[in-house]
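# Notes for the structure review
Chain by chain, the residues run as shown.
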Amino acid sequence: MADETIYQYLLREGVSRRQFLKICGALAATLGISEASPLLAAGLARPTRPTTRLVAEALASKPRVPVMWLNFQDCTGCTEALTRSLSPTLTDLVLNKITIDYHETLSAASGVQADENKRMMMETYAGQYLLVVEGSIPTGANGNYCTIGGRTAVDLLQEAAAGAAAVIATGNCAAFGGIPMAQPNPTGAVPAYQLITDKPVAHIPGCPAIPEAFTGTLVNFLVFGKLPELDDLNRPITFYGTTVHDRCLRRPFYEAGKFANSFDDEGARKGWCLYKLGCKGPTTYNACAGIKWGGGLSFPIQSGHPCLGCSEPNFWDNGGFYQGQSAPISRPTITVAGAALAAGAVIGVANAAANRLQKRHADADEEITESLSG
Amino acid sequence: MGSTDATLAFARGPLFYTALLIFIAGMAYRLVSVLLLGWKRDRVPNKGSKLRGVAVTYAKGLLIFPFIPWVKKTFRGNQTTYLAGGMFHFGLFVVIFLGTAHMLVWKSLLGFGWPTLALPIVDFLSAAAIVAMIALFVNRLANPVLRLISGPSEWLNLLIVFLPMVTGYGLTHHRLLGIVALPYENLYLMHMMSINLMLIWIPFSRISHFMFYFFSRTYHGAQAGKRAVMP
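No experiment lies behind these values; they were computed from the predicted model shown.

Calculation rules
- Residues numbered from 1 in each chain as written.
- Chains lettered and ligands numbered in written order.
- Predicted model: local features only at pLDDT ≥ 70, side-chain atom pairs only at ≥ 80, totals over all residues.
- Heavy atoms only, no water.
- Helix = DSSP H or I, 4+ residues; strand = E, 2+ residues; numbered from the N terminus.
- Buried < 20%, exposed > 50% of the residue type's maximum accessible area, 1.4 Å probe, protein only.
- Contact = heavy atoms within 4.5 Å.
- Areas by Shrake-Rupley, 256 points an atom, 1.4 Å probe, with all protein chains shown as cover.
- Lys, Arg positive; Asp, Glu negative; His and termini not counted.
- Charge placed at Lys NZ, Arg CZ, Asp CG, Glu CD.
- Core = buried A, V, L, I, M, F, W, Y, C linked by side-chain atoms within 4.5 Å.
- Disulfide = S-S within 2.5 Å.
- Salt bridge = Lys/Arg side-chain N within 4 Å of Asp/Glu carboxyl O.
- Buried area = accessible area lost by both parts, 1.4 Å probe.
- Polar contact = N/O pair within 3.5 Å; in protein donor to acceptor, adjacent residues only side chain to side chain.
- Patch = residues over 30% accessible without salt bridge, like charges linked within 9 Å, V, L, I, M, F, W, Y side chains within 5 Å.
- pLDDT = per-residue confidence, 0-100.
- Expected span 1.5 Å × (residues − 1).
- Phe/Tyr/Trp six-rings, centres within 6.5 Å; stacked < 30°, edge-to-face > 60°.

Let's shift gears to the overall build of chain A. If you tally the helices and strands in chain A, you get 16 helices and nine strands. Taken over 374 residues, chain A has a buried fraction of 49%. A separation of at least 24 residues holds for 74% of the contacts in chain A among residues at least 6 apart in sequence. A total of about 17,700 Å² of accessible surface is found on chain A, and carbon and sulfur atoms cover 56% of it.

The subject of this paragraph is the overall build of chain B. When its secondary structure is counted, chain B shows eleven helices and two strands. Tracing chain B from N to C terminus, the helices and strands come up as α-α-α-α-α-α-α-α-α-β-β-α-α. Considered along the principal axes of its C-alpha atoms, chain B spans approximately 70 × 40 × 35 Å. The long-range share in chain B, meaning contacts at least 24 apart out of those at least 6 apart in sequence, stands at 67%. Chain B carries 20 positive and 5 negative side-chain charges, and their two centres are separated by 22 Å.

For the rest of this paragraph, the subject is the nonpolar core. Residues and elements named next belong to chain A. One finds Phe20, Leu130, Ile168, Phe214 and Ile301 to be the most contacted residues of the largest nonpolar core, which totals 48 residues. The element contributing the most residues to this core is helix α10 (residues 211–224), with seven residues. In this view, phenylalanine 214 contacts Trp69, Leu82, Val132, Ile168, Thr170 and Ile204; residues no more than four positions away in its chain are not counted.

Here we take up the state of the cysteines. Residues and elements named next belong to chain A. Applying the stated rule across the entire model yields zero disulfides over all chains. Residue cysteine 207 stays outside any disulfide, its sulfur separated by 5.6 Å from that of cysteine 310, the closest cysteine. We classify cysteine 207 as partly exposed; its relative accessible area is 40%. Cysteine 279 supplies the cysteine sulfur nearest to cysteine 307, a cysteine that is in no disulfide, at a spacing of 5.2 Å.

A separate point is the pattern of salt bridges. Once their charged atoms are close, side chains differing in charge can pair, the charge on each being opposite to the other. All names here are of chain A. Across all of its chains, the model carries 14 salt bridges over all chains by this definition. Where glutamate 312 meets arginine 235, a salt bridge forms, and the shortest distance between an N and an O atom there is 3.3 Å. Of the two residues, glutamate 312 sits in the loop between α15 (300–303) and α16 (334–373) while arginine 235 sits in the loop between α10 and α11 (237–240), which places them 77 residues apart along the sequence. Both residues of the pair, glutamate 312 and arginine 235, belong to the buried class.

Right, let's talk about the interface of chain A and chain B for a bit. Interface size is commonly expressed as the accessible surface area that is lost when the partners come together. In this complex, chain A contributes 40 residues to the contact, which on the side of chain B involves 37 residues. Carbon and sulfur atoms make up 62% of the area that chain A and chain B hide from each other, which totals about 3,400 Å². Summed over the three residues of chain A that lose the most area to chain B, namely A:Lys276, A:Ser326 and A:Pro332, the buried surface amounts to 15% of that side. Applying the counting criterion to the chain A and chain B interface returns zero salt bridges. Counting across the interface, chain A meets chain B through eleven residue pairs in polar contact (both at pLDDT 80 or more). Elements with a contribution of two residues or more to the side of chain A that touches chain B: α12 (251–256) and α16 of chain A. Looking at which element gives the most residues to the side of chain A that touches chain B, the answer is α16(A), with twelve residues.

Before going further, it helps to examine the environment of A:Asp246. For A:Asp246, the location among the structural elements is in the loop between α11 and α12. Those residues in contact with A:Asp246, other than ones at most four positions away along the chain, are A:Arg251 and B:His174.

All names here are of chain A. A contiguous patch of negative charge on the surface is contributed by Asp365, Glu366, Glu367 and Glu370. Topologically, glutamate 366 is positioned in helix α16. Taking relative accessible area as the criterion, glutamate 366 reaches 47% and is therefore assigned partly exposed.

The next point concerns the confidence of the model for chain A. Per-residue confidence for chain A gives a mean pLDDT of 84; residues scoring 70 or more make up 89%. Of the regions scoring below 50 in pLDDT, residues 35–45 of chain A engages in nine contacts with residues more than four places distant in sequence or in other chains.

Our focus in this paragraph is helix α7 (residues 119–142) of chain B. Residues and elements named next belong to chain B. Between the first and last C-alpha of α7 there are 34 Å, a value that for 24 residues agrees with the 34 Å anticipated at 1.5 Å per step. Burial in α7 covers these residues: Val122, Asp123, Leu125, Ser126, Ala128, Ala129, Ile130, Ala132, Met133, Leu136 and Asn139. Along its buried surface, α7 packs onto α5 (79–98), α8 (144–148) and α9 (152–173).

Take the environment of B:Leu21 next. Following the sequence through the fold, B:Leu21 ends up in helix α2 (residues 14–35). Here the alpha-carbon distance between B:Leu21 and B:Ile200, two residues 179 residues apart in the chain, equals 8.8 Å. Beyond its immediate stretch of four places on either side in the chain, B:Leu21 contacts A:Pro332, A:Val336, A:Ala337 and A:Ala340.

Residues and elements named next belong to chain A. Under the criterion given, the structure shown has 19 aromatic pairs over all chains. For the ring pair phenylalanine 253 and tryptophan 272, a centre distance of 6.4 Å and an interplane angle of 35 degrees mean the geometry is tilted. With phenylalanine 253 in helix α12 and tryptophan 272 in the loop between α13 (266–269) and α14 (288–291), the pair connects residues that are 19 residues apart, well separated along the chain. Residue class for phenylalanine 253 comes out partly exposed when judged on its relative accessible area of 27%. Each ring, one from tryptophan 316 and one from phenylalanine 321, has its centre 5.4 Å from the other, and the planes form 85 degrees; the classification is edge-to-face. Aromatic rings pair up to connect Tyr254, Phe259 and Tyr275 into one cluster.

Laid out in C-alpha cells, this is it:
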C-alpha cells in the first residue's frame, strides 16, 4: 500500500479526476500557498506553476502519509470540531481517505485489535508516519493518571514519537498544556513538546483547534513532505500570523472607542467592540476572525462573546475571562493593600521618632557645649 | 511555551503585585514622615478663611492659570518648561485615566469603571506627551542652569517615566518607536516591566510630587487664606 500514490488510491476509492482537481484547488486555498505576486494578480504575468497543479502533482506522485492520532488528557473536542467542520470534502478526504490509520476515538476496532493495528502500523511505516497528539500528558503519580491498555500516556507518546516523521500537537492541551495544566495542575500535566525533544512538533492551539488550521498543516506535510513555516511558539504562521483583533469585524468600533459595557446594553445590541467585556483578541494569535467557524459562518466575537484567548499559552490562568485584557493577573486584596499602607505608616512613624530622638540629643549636646563655653 | 509568555505572566502577576504593594507602603511612609516633621503651633487668630484659600489656590492653579499662562512669572521665565510640562502632564492624565486599556486596569483594582475616550484621541495625546518629554529632556541638557542642578536622580526620573510611555505607545501600534515591528507580547512585557520599575521608584523619587503637589498646595492655600492674602 505504501507504493500506491494518493491519486491512485483516490481513483480506486471512486473519486473522479475532475473531483480530484477540485479537491486539490481547495487544499491549495486552505494551505494559503499562493504565489500571486502583484503582477500575477493583475494578470500581467503568467503563473509558472499554478498552486492547484503543485498540489495535484504532489498528490499524484506521493504515497499516502499514514497518521496516528493519540488522545490523552483531552475532551476530544478537537476531533469533534474536525469531524463536524463544514468543509466536508476536505475533512472527509483527510480523515478517511488520505491519512488517518489509527485514531483512538474514531477507530472501529477496539481493545487488543486496535492495539495490534497500531503496532503493525508503527512497524510498517517506521520513520514515515505523522503523529497527532490531542490532550496533555500527565507526569504525576508516575504517569498513572492517564493509561490506555494498561500503559501510561508518557510511555505511549514516547513510543509513538520515536518512529514518527513529525508531530502535530492539536488543541491547547497538547500544545501548551491547556485546562489540565491550569493551576493547581493536579496530574502534573505537560504539553507534548516537553516530552518529544528530538522531533519537529507543530502546534495547532485552540480550544478546540480550528479544523481548517489542522487540515491545512496536515496537507502541507502531504504536499511538501515537511511541516509548514512555524513561529517561535511552533505555530504555523499561515494560521497564527495575526491576532484575532487584527482581523476582527468589530475592530472599527475599538478604534472609535465604541464599546459594549454589558452583554445586554445598547452597545452590545449594536455590535460594538467587546474589549471592555474582557475580549482577549488583541493578545490572541489565531485565524478565528478570518477563517471563522462552521464553514465561515461566524466566530465567538461575531456571535457577541469576547475572545477568551483559548489558543494562547496559560489561557486558563491568564486573569478572568471577563476581566479586561490589560488587567493585572494578580491583584492585592483590600486587606493586603491596607496592611502595606499600615506597614509604610509604621515605618514612617518609627523614622519620625528616631529623628526626634536624634534632635533632642543634638539639642542637649548644644546646651552642654554652651554651658561649658559660657 | 516561549519564555516571553512566562516572563509576561510573571510581570503581570507576582511582580506587579509586589511592585504595587511597595508603591503603597512607600507612599504611606513618605506621607507619614512628612506629616510628623512637626507643625508650628497656630498662635495667630485667622484673618480670613482657610477653606477659601484652599479653594482659590486650586481653582487658579488647575482651572485658570493653565489657560492664561502669560500672567505667571513661571511661564514668562521658562516657556519651554511650562508648555512642554503642561502638555506632558495633560497627556499623561488622559492616557492613564481615559485610555480604555488603563481604565480596565483601574476597574480591576477598584471594582468600578468609567467612560473612556476614543483611541485616536488618546493616541494623539500620548504622542504629544512623549514629544513633550523629549523637549523637556533636550531643555534640561541645553539649559546650563538646569544642567547644573540636575543630578543622577533627575535623569533617572526622566528615563523611568519615559520608558512606560514609549513602550505603551508602541504597544498600541505593535511597533516600538513606531518603527521596529515587534510581537505584542514583547512590547507588553517591556511595558509591564517598566511600569513595575516605575511603581517601585516613585515613592523614593520626586515623582512622588503627584501626591505632595496636592499636599503642599492645600497647606499653602490654607496659610494664605488664613492671612486673607489670596494666592
